[in-house]
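One-letter residues, chain by chain:
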Amino acid sequence: MKTPSLNIQFQSNIENIQYALNSLDEFCYKNSVPDLEHKKLLILTDEILSNIIKYGKLNDDSQFISFSCKKTDEDWQLEFEDRGIHFDPANYLEQINYKEDPDEIKKVGGLGLKIVNNFLHSMDYHRRGEKNYLRLKIKFINQ
Amino acid sequence: MSYFQQMEITITNVDLIKIVHISGELNAATSSEAETKINQLIMGGNHKLIIDLDKLRYISSAGLRVFLIANKLNKKNPSGEIRICKLNDIVKEVFEISGFNLIFKCFEDSTAAQEGWS
C-alpha cells in the first residue's frame, strides 16, 4: 500500500505559510487524519515555517522552501529544506522562563519551539552546504 | 474545494464588556489581522474583553502572541482585563504547554467569564 505523502515547494515569504498550511490541511482531510493529529501537524508546520522565514531571515521571494509530510508505520514525518541562515531549533529548546519575564517571549522563536518540543518525538537537524535540513518525527497515540 | 477556514473576528456587546469571537485559525498568516482588531478595541477604550474561542480550530504561538500583546496594552488601564472562554482540546493543550492558562483566566463559556464584572 502506498504511503500517503505530501511534497511541495514554494517561495519563501510569510504569505506562503498559508499556502503550505492549506496544502497540508487538504492532505490531512483527504487521508482522514484524526482531528487531533491533523491540528498538531498544522501547528508544527506553522511554527517551523515561521521560524525559517522570520528568524532564518528568509522572507525572500528569490528563495524556496521544500516541505514534505508523510506517514510511516511508526510515525508522521515532517521535513523542511531551506537556504536560510544556520538555525538548529534544538539549540533553542531550553526552557524559557517567560512567565516571570514576558520579554523572554521575544527571544528567537522561544514560545513556538516550546510548543514544537511538546508535540514531537524527535528532531533531526543538519546543514549541508548552504541548506538547512530539518526532520520532525511525531508519534501519536491511537485515538 | 477549499479546506481553509478564513479567520474571522466578530464583536458583540454585553453592557460594557466586549466579547470577541474568533473563528477559523489563529496562526502566523492570520495573527496580524487579529492583533490589529483587538488592539483597536483596547485603544478605543474597551478594557473588559472576553475572547470567545468556540469557533477557533487551532492556535499557534503567533496567535498566542496576539493575546499577550493585547494583555500588555490593556494592563495600562487599571481595570483592564482579558478573559478567555470556550477553548477546545487542542487550544487548551497549547495554552497549558505555553503557560497561558496561568496568565489568563479561562472559562467554560462567556456567561461564566462575565461573572464578577458589572
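Because the structure is a prediction, the values reported are computed rather than measured.

*Asks:* Hey, could you run me through unusual backbone geometry in this one?
*Replies:* Excluding glycine, residues mostly carry a negative phi; peptide bonds, for their part, are mostly trans. The residue Ser-32 of chain A is not glycine, and still its phi comes out positive at about 50°. Within the secondary structure layout, Ser-32 of chain A lies in the loop between α1 (15–30) and α2 (35–55). Overall, Ser-32 of chain A belongs to the exposed group, with 8 C-beta atoms counted inside 10 Å. Positive phi outside glycine occurs at Asp-15 of chain B, with the angle close to 55°. Among the secondary structure elements, Asp-15 of chain B is positioned in the loop between β1 (8–14) and β2 (17–26). Classification of Asp-15 of chain B as exposed rests on a count of 9 C-beta atoms within 10 Å.

*Asks:* Can you walk me through the nonpolar core in this structure?
*Replies:* The nonpolar side chains of a soluble globular protein tend to be buried with one another. Counting residues in hydrophobic clusters, the biggest one holds 61 residues, and the most contacted among them are Leu-24 and Leu-44 of chain A together with Ile-51, Leu-53, Phe-67 and Val-91 of chain B. With eight residues, α2 of chain A is the largest single contributor of residues to this core. Filtering out sequence-adjacent residues up to four positions away, Phe-67 of chain B remains in contact with Ile-51, Ile-82, Phe-100 and Phe-104 of chain B.

*Asks:* Can you help me understand the confidence of the model for chain B in this one?
*Replies:* Where the model shows low pLDDT, its predicted coordinates should not be examined in detail. Residues and elements named next belong to chain B. Residues of chain B with pLDDT of at least 70 account for 96%, and the chain-wide mean is 93. Looking over chain B, one finds the lowest element-wise mean pLDDT in helix α4 (residues 100–103), namely 92, and the highest in strand β3 (residues 48–52), namely 98. This complex was scored by the predictor with a pTM of 0.90 and an ipTM of 0.92.

*Asks:* How do you make sense of the environment of Glu-8 of chain B when you look at a structure like this?
*Replies:* All names here are of chain B. Mapping Glu-8 onto the fold places it in strand β1. Separated by 42 residues in sequence, Glu-8 and Ile-50 have C-alpha atoms that sit 16 Å apart. Excluding its chain neighbours within four sequence positions, the residues that come into contact with Glu-8 are Ser-23 and Gly-24.

*Asks:* What is the right way to read the environment of Val-14 of chain B from this model?
*Replies:* Here Val-14 of chain B is to be found in strand β1. Once you skip the residues sitting within four places of it in the chain, Val-14 of chain B turns out to touch Ile-19 and Gln-114 of chain B.

*Asks:* Which parts of the structure should I look at to understand the interface of chain B and chain A?
*Replies:* How big an interface is tends to be expressed through the accessible area that disappears when the partners come together. Tallying the contact residues gives 19 residues for chain B and 23 residues for chain A. Of all the elements in the fold, those that place two or more residues in the side of chain B that touches chain A are β4 (56–59), α2 (61–74) and α3 (89–98) of chain B. Looking at the side of chain B that touches chain A element by element, the count peaks at five residues for α3 of chain B. Here the residues of the side of chain B that touches chain A are counted per class, giving 12 nonpolar, five polar and two charged.

*Asks:* Whenever I open this one, the packing of α1 of chain A against α2 of chain A confuses me. Can you help?
*Replies:* How two helices sit against one another is set out by the angle between their axes and by the gap between those axes. All names here are of chain A. For the pair α1 and α2, interaxial distance at closest approach is 10 Å and the crossing angle is 160°. Taken as axis vectors, α1 and α2 run roughly antiparallel relative to one another. When the axes of α1 and α2 are compared, the crossing they make is right-handed. Residues Ile-17, Ala-20, Leu-21, Leu-24, Asp-25 and Cys-28 of α1 form the contact with α2, whose own contacting residues are His-38, Leu-41, Leu-42, Thr-45, Asp-46, Leu-49, Ser-50 and Ile-53. Of the residues in the contact of α1 with α2, the class split is nine nonpolar, three polar and two charged.

*Asks:* Explanation requested: α2 of chain A in the structure shown.
*Replies:* Residues spaced three or four apart along an α-helix face the same direction, because each turn holds 3.6 residues. Residues and elements named next belong to chain A. With 21 residues, α2 extends 29 Å between its outermost C-alpha atoms, agreeing within 8% with the 30 Å of an ideal straight helix rising 1.5 Å per residue. Counting buried residues along α2, 16 of its 21 residues qualify, which places the element largely inside the surrounding structure. Just past α2, the residue Lys-57 takes up positive phi, approximately 55°.

*Asks:* What should I look at first to understand the environment of Ile-48 of chain A in this one?
*Replies:* All names here are of chain A. Position of Ile-48 among the secondary structure elements: in helix α2. For the pair formed by Ile-48 and Arg-135, sequence separation is 87 residues and the distance between their alpha carbons is 10 Å. Beyond its immediate chain neighbours, meaning those up to four positions away, Ile-48 contacts Phe-80, Val-116 and Leu-134.

Here is what the cut-offs are and how they apply
- Residues numbered from 1 in each chain as written.
- Chains lettered and ligands numbered in written order.
- Predicted model: local features only at pLDDT ≥ 70, side-chain atom pairs only at ≥ 80, totals over all residues.
- Helix = DSSP H or I, 4+ residues; strand = E, 2+ residues; numbered from the N terminus.
- Buried ≥ 20, exposed ≤ 12 C-beta atoms within 10 Å, placed from the backbone.
- Core = buried A, V, L, I, M, F, W, Y, C linked by C-beta atoms within 7 Å.
- Contact = placed C-beta atoms within 7 Å.
- pLDDT = per-residue confidence, 0-100.
- Nonpolar A, V, L, I, M, F, W, Y, C, P; charged D, E, K, R; others polar.
- Axes fitted to C-alpha atoms, helices over the stretch in contact; angles between N-to-C directions.
- Parallel < 35°, antiparallel > 145°, perpendicular 65-115°, else oblique.
- Left-handed = near helix turned anticlockwise from the far one by under 90°.
- Expected span 1.5 Å × (residues − 1).

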